[in-house]
Amino acid sequence: MTPILTIVGLVSLVALGVVVFQLRGERRTARARNAEIEALERLHDALRRVHQAMAWSASRDELLSRVCDVLVERGGFAATWIGWHDPETRRLVPAATAGEASGMVEKIAVHTDDRPSGQGPSGRAFRSGRFEIVRDLMADDRSSPWLDEIRRWGIVSAAVFPLRLHGEVCGTLNIYAPSPDAFGPREVALLDEVARDLSRAFDAFAEREQRSHSEVIAAREAALVTHLLDSVPGVIYVYDAKGHFLRWNRRFTEVTGYTDAEMRTLHPLDFFRGEDRARLEARIATVFEEGSASVEADFVTKGGETIPYFFTGNRVDFQRTTCLVGMGIDLSERERIEEELREAEASDRMKSVFLATMSHELRTPLNSILGFSGILLQELPGPLTGEQRRQLEMVRASGRHLLAMINDVLDISRIEAGGLEVHDERFDAVEAVRRAAEIVRPLAEAGDLDFEVELPEGPVEIRSDRRRLEQILINLLTNATKFTPEGGVRVVLDVGMEVSPGVPGVRIAVHDTGIGIATEDLPKLFQPFRQLDSTLTRRHEGTGLGLAICNRLAELLGARIEVESEVGEGSTFALRIPTGGDRVGEVAEGEVEA
Amino acid sequence: MNAAAETAPVLVIEDDEQNRYLVVYLLERHGYRVRAASTAAEGIRLAEEELPSMILLDIQLPEVDGYAAVRALRAIDAFRDLPVVAITAHALPADRARALEAGCTAWLRKPIEPDSFLDTLRELGLGPPPEDGR
């Protein structure tokens, strides 16, 4: 504002000088001269206040209203208003008014085009871009639309000055006086200056507004960039070809432990040592020569700690210098995960080797135990007494139990390691159930149990792994038989069931009238080595792995096992297995692979 | 003596003393002539001398293992079609595949079932015992 004000002030003084010069040359009477000097002093005072208003007004609207006030109060005019052009309505919209007669402004509509309400002095001044003076409004034909108002407010003359923004007329300064002589050449010259000064002030306001708007945007952008840089989970930095750091994110100082002040004194190679330094130097050179490069290196902190990092650098032109914009990612987490994976794989391999070794080492002595007890029981070396036979059979039974344990442990380990192959074949589920039932039937009959098999008439073709299905069924049937002291075991195959919503399947249920399972024990049922009642363990020989294996096999087949039981009444173990249609078969295969 | 000399023996290659004794005993009690070795090298030497009708081969042997032994045997023309049955405590399916790939005719896992062992061997090509074997 200050330079503009100075210009405005100088121009105004020159204008005042012209007026004074004219006054001297006219040789009026002393009285008339006094009156004119008084009027000029008033105007001069008004002008000074207009300039003050320009200096102090914070906004354009405030300036406009102060100027109107000053012209009325100090300049002695009846009314003043400033109209701002609205390009849409082509109307001069009052932006500020002052003076008693300003009530008139609210009543009148002034336009800028050549309709009747655009033919008055304001419309003419707007269109021509020059000031317009009307000594007698009553006599001015073109002011006829406002005749009533003019008469009512006692206005006689008018002076209208165009206002400009960036050189284009944007509004008018409208001044009214109660006498025809109010706008002599001196007054007009001064008021015209006021209008010009106002126009310059508009430009200054607009420029300031534009600048502050840009500054706000720039500040917002800068804040966003800082937030972005600081929230990236890596270090980001910019340095020039000489290695002076220009910018770095907070993560950089957090990781390295240096302060911002220290950063300004450091060279990029200060963050590396040993062989890394030479490699880094070469890669930095590559970035400046070829545009980009990356490198893995140990980042050295202020405290001397090293952290594995992966750096990428790109050449950019920034602040009129060629710079390297780089980013570094901490690799220690990745290296830790890789290490864990290696350990897990090694431990898996160890487990496999251990299991294979255990199996081998146990089978070798078992070969002797089962082999020689078998030979002795065949009486190949000679006849046995009844007691010897009974005891040898115990040796053989224990040996077989041990062997079953070894096989089950191997089985479950292989299932868990994903090493179990599952076949995808079409077969008759009825036949599979029948085969499993016939294997277990002798065991049930030996225990004096009823053994019923209820199967549909025709074959029921499903797509799954026949051998694994039979393995599950044999296990369930054997369990049912083992844990049923009296009554019977019944196996039922139902078709048209669902494994889960939308997955068609068959349900193979094994019912028994056995000892049953308490509700609280059901969750433990499928865990390895959990024969529920340990006192039963001796009576009901088993490895304790059977149901765990069944459950895992069922999962492999996309099937599931349901259990219903009541203590003392019996249990039902039901296998729901997908029939594996076109669509479902794919699902089942996918699950198997998993 | 003549009959025994004309009858090819069964060769058992097994380093575990008890297991070797078990198999040899079972075969001999069923009337077979048996020769036994506790290493692959000794077994191959015996095979060349005795031209056995079948070899029962343990896999985990000292120095040269059963896989290498069967490959060495198959390299000898006389043994190209000889039944060589792996009898092993290496009981995983992968072990079976490996034994068959190396050249074994069949693969039996330990522990053996004494009641059915002889029947199984006969299915695999073991001839009847010599008339006067007992």
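Residues numbered from 1 in each chain as written. Chains lettered and ligands numbered in written order. Predicted model: local features only at pLDDT ≥ 70, side-chain atom pairs only at ≥ 80, totals over all residues. Heavy atoms only, no water.

> Hey, could you run me through the packing of aromatic side chains in this one?
Here a ring pair, both rings aromatic, is described through the centre-centre distance and the interplanar angle of the planes. All names here are of chain A. Under the definition given, this model contains 21 aromatic pairs over all chains. Taking the centre distance of 5.9 Å and the plane angle of 35 degrees together, the rings of Phe272 and Phe299 count as tilted. In this pair, Phe272 is assigned in the loop between helix H9 (260-263) and helix H10 (275-290) and Phe299 in strand S8 (residues 292-300), connecting sequence segments 27 residues apart. Looking at Phe272, the relative accessible area reads 6%, which means it is buried. On the accessibility criterion, Phe299 (2% relative accessible area) is buried. (Phe/Tyr/Trp six-rings, centres within 6.5 Å; stacked < 30°, edge-to-face > 60°. Helix = DSSP H or I, 4+ residues; strand = E, 2+ residues; numbered from the N terminus. Buried < 20%, exposed > 50% of the residue type's maximum accessible area, 1.4 Å probe, protein only.)

> Teacher, can you tell me more about the side chain of Asn174(A) here?
All names here are of chain A. Here Asn174 is to be found in strand S5 (residues 168-177). Side-chain polar atoms of Asn174 contact the side chain of Ser122, separated by 2.7 Å. Among residues more than four places away in sequence, those in contact with Asn174 are Ala79, Thr80, Trp81, Ile82, Gly83, Ser122, Ala159 and Val160. (Polar contact = N/O pair within 3.5 Å; in protein donor to acceptor, adjacent residues only side chain to side chain. Contact = heavy atoms within 4.5 Å.)

> Help me out: how do you make sense of the side chain of Ser571(A) in this one?
Here Ser571(A) is to be found in strand S17 (residues 570-578). What Ser571(A) contacts, discounting residues up to four positions off in sequence, is Val510(A), His511(A), Asp512(A), Gly516(A), Ile517(A), Glu564(A) and Ser565(A).

> Teacher, can you tell me more about empty space enclosed by the protein here?
The probe, sized like a water molecule, is rolled over the atoms to show the empty space still left. Residue and element names in this part refer to chain A. Under the definition given, this model contains four cavities of 30 Å³ or more. Here the largest cavity defines a volume of roughly 180 Å³. Around the largest cavity sit 19 residues that line it, and Tyr237, Tyr239, Leu280, Ile284 and Phe311 are the ones nearest its centre. Secondary-structure elements contributing two or more residues to the lining of the largest cavity are strand S6 (235-240), H10, S8 and strand S9 (306-318). (1 Å grid on protein atoms, 1.4 Å probe; cavity = no way out; pocket = protein on both sides within 12 Å on 5 of 7 lines; lining within 4 Å. Points joined across faces, edges and corners; volume = space filled by probe spheres on them.)

> Would you take a moment to explain the layout of surface pockets for this structure?
Residue and element names in this part refer to chain A. The volume enclosed by the second largest pocket comes to roughly 310 Å³. Considering the residues around the second largest pocket, the lining is formed by 18 residues, among which Ala39, Arg42, Asp181, Ala182 and Glu187 are closest to the centre. Elements represented by at least two residues in the lining of the second largest pocket include exactly helix H2 (30-56) and helix H7 (185-231). Here the element with the most residues in the lining of the second largest pocket is H2; it accounts for six residues. Among the residues making up the lining of the second largest pocket, the classes are represented as nine nonpolar, four polar and five charged. (Nonpolar A, V, L, I, M, F, W, Y, C, P; charged D, E, K, R; others polar.)

> Sorry, what's going on with the interface of chain B and chain A here?
Where interface size is given, it is often the accessible area lost as the parts come together that is meant. In this complex, chain B contributes 22 residues to the contact, which on the side of chain A involves 23 residues. Buried surface at the junction of chain B and chain A, summed over both partners, amounts to about 1,900 Å²; 60% is from carbon and sulfur atoms. Inspection of the region where chain B meets chain A yields two salt bridges. Measuring nitrogen to oxygen at the nearest pair gives 3.4 Å for the salt bridge that ties Arg400(A) to Glu113(B). (Buried area = accessible area lost by both parts, 1.4 Å probe. Salt bridge = Lys/Arg side-chain N within 4 Å of Asp/Glu carboxyl O.)

> What am I meant to see in the pairing of strand S1 (residues 79-86) of chain A here?
Within a regular strand, the side chains alternate between the two sheet faces. All names here are of chain A. Of all eight residues in S1, seven are buried, a share of seventy percent or more. Strand direction decides the pairing type here: S1 and S5, joined by six bridges, are antiparallel. Bridge pairing in S5 links Gly83 to Thr172. Hairpin connection between S1 and strand S2 (residues 91-98): a loop of four residues separates the two successive antiparallel strands, and Arg90 in this loop has a positive phi of roughly 55 degrees. (Pairing = 2+ DSSP bridges.)

> It is not clear to me how the sheet that holds strand S5 (residues 106-109) of chain B should be interpreted in this structure. Could you clarify?
Note: strands within a sheet are paired through backbone hydrogen bonds, in either parallel or antiparallel orientation. All names here are of chain B. In spatial order, the strands read S2-S1-S3-S4-S5; together these five strands make up an open sheet with parallel pairing. The sheet is open, and its two borders are formed by strand S2 (34-37) and S5, each paired with just one other strand. Taking each pair of neighbouring strands and ignoring which way they run, the sheet shows an average axis angle of 20 degrees. In this sheet, strand S3 (residues 54-57) lies alongside strand S1 (residues 10-13) in parallel orientation, the contact comprising four bridges. Bridge pairing links Leu11 to Ile55 in S3. Relative to S2, helix H3 (residues 40-50) is tilted by about 150 degrees, and along the sheet it contacts S1, S2 and S3. (Axes fitted to C-alpha atoms, helices over the stretch in contact; angles between N-to-C directions.)

> Honestly, the environment of Trp81(A) in this entry has me stumped. Any pointers?
Residues and elements named next belong to chain A. Positionally, Trp81 belongs in strand S1. In this view, Trp81 contacts Cys68, Leu92, Pro94, Ala96, Thr97, Val105, Val110, Ser122, Thr172, Leu173, Asn174 and Tyr176; residues no more than four positions away in its chain are not counted. Polar contacts involving the side chain of Trp81 include one to the side chain of Tyr176, which spans 3.0 Å.

> So what exactly am I meant to see when it comes to the confidence of the model for chain A here?
Parts of the prediction with low pLDDT should not have their coordinates interpreted in detail. Residues and elements named next belong to chain A. Counting all residues, the mean pLDDT for chain A is 84, and 89% of those residues have values of 70 or more. The low-confidence segment residues 534-539, where pLDDT is below 50, has three contacts with residues more than four positions distant or belonging to other chains. Within the model, pLDDT remains below 50 along residues 582-594, and this stretch shows twelve contacts once partners closer than five positions in the same chain are excluded. (pLDDT = per-residue confidence, 0-100.)

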